Amino acid sequence: MQFGDIALHVVSDGTYWEDGGRLFGLVPKMLWEQMAPADEQNRICLNARCLLIETSQQCILVDTGYGDKLSETQRRSIKLEGRQRLLGDLERLGLG
């Protein structure tokens, strides 16, 4: 998306799984599961997306992801996957 000399890019930092019931609250599972199928632990797959703001003078990455502070047990519990996608997406945009 372009706004004058400012370009906005959505880039991926992989996927993770969260409890569907917690995310959708009072919405019945039979309704939300049609759009977001759950796994055997009632988790749904979500994308960890970041916003890259690019101007003629600088690039700003707004990263709202999990970072690198989770323990291995925590990473496994949410099936945090594909962390190298962000670097690949940035490279495709010409940012090494």
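So, a few notes on the structure that sits alongside this text. (Residues numbered from 1 in each chain as written. Predicted model: local features only at pLDDT ≥ 70, side-chain atom pairs only at ≥ 80, totals over all residues. Heavy atoms only, no water.)

Some words on the sheet that holds strand β2 (residues 6–19)
Ordered in space as β1-β2-β3-β4, the four strands form an open sheet in which the pairing is antiparallel. Edge positions in the sheet fall to β1 (2–3) and β4 (59–62), since each has one partner strand and no second. With respect to the sheet, helix α4 (residues 85–92) is in contact with β2, β3 (43–54) and β4, its orientation differing from that of β2 by roughly 165°. (Pairing = 2+ DSSP bridges. Helix = DSSP H or I, 4+ residues; strand = E, 2+ residues; numbered from the N terminus. Contact = heavy atoms within 4.5 Å. Axes fitted to C-alpha atoms, helices over the stretch in contact; angles between N-to-C directions.)

A word on the packing of aromatic side chains
Tallied over the full model, the rule gives one aromatic pair. The interplanar angle of 10° and the centroid separation of 5.1 Å between the aromatic rings of Phe24 and Trp32 together place this pair among those described as stacked. If you follow Lys79 out to its NZ or CZ, it ends over the ring of Trp17, 4.0 Å from the centre. (Phe/Tyr/Trp six-rings, centres within 6.5 Å; stacked < 30°, edge-to-face > 60°. Lys NZ or Arg CZ within 6 Å of the ring centre and 35° of its normal.)

Notes on the state of the cysteines
Under the definition given, this model contains zero disulfides. In this structure Cys50 is a free cysteine whose sulfur lies 14 Å from that of Cys59, the closest cysteine sulfur available. (Disulfide = S-S within 2.5 Å.)

Here's the deal with the pattern of salt bridges
Across all of its chains, the model carries four salt bridges by this definition. A salt bridge links Arg22 to Glu18; its shortest N-O distance comes to 2.4 Å. Glu18 gets classed as buried once you look at its relative accessible area, which sits at 10%. Among the ionic pairs, Arg76 bridges to Glu72, the shortest N-O distance being 3.9 Å. Residue Arg76 and its partner Glu72 are both found in helix α3 (residues 72–77); the two are separated by four residues, about one turn of the helix. (Salt bridge = Lys/Arg side-chain N within 4 Å of Asp/Glu carboxyl O. Buried < 20%, exposed > 50% of the residue type's maximum accessible area, 1.4 Å probe, protein only.)

Re a nonpolar patch on the surface
A cluster of nonpolar side chains, Leu23, Phe24, Val27, Met30 and Leu31, forms an exposed patch at the surface whose accessible area comes to about 460 Å². Elements with a minimum of two residues in the nonpolar patch: α1 (20–24) and α2 (29–32). Summarising the element assignment, Leu23 is placed in helix α1. Given the relative accessible area of 42%, Leu23 is considered partly exposed. (Patch = residues over 30% accessible without salt bridge, like charges linked within 9 Å, V, L, I, M, F, W, Y side chains within 5 Å. Areas by Shrake-Rupley, 256 points an atom, 1.4 Å probe, with all protein chains shown as cover.)

Considerations on the nonpolar core
Note on soluble globular proteins: their nonpolar side chains tend to be buried together. Ranked by size, the top nonpolar core spans five residues in total: Val11, Cys50, Leu52, Leu86 and Leu90. Secondary-structure elements contributing two or more residues to this core are β3 and α4. (Core = buried A, V, L, I, M, F, W, Y, C linked by side-chain atoms within 4.5 Å.)

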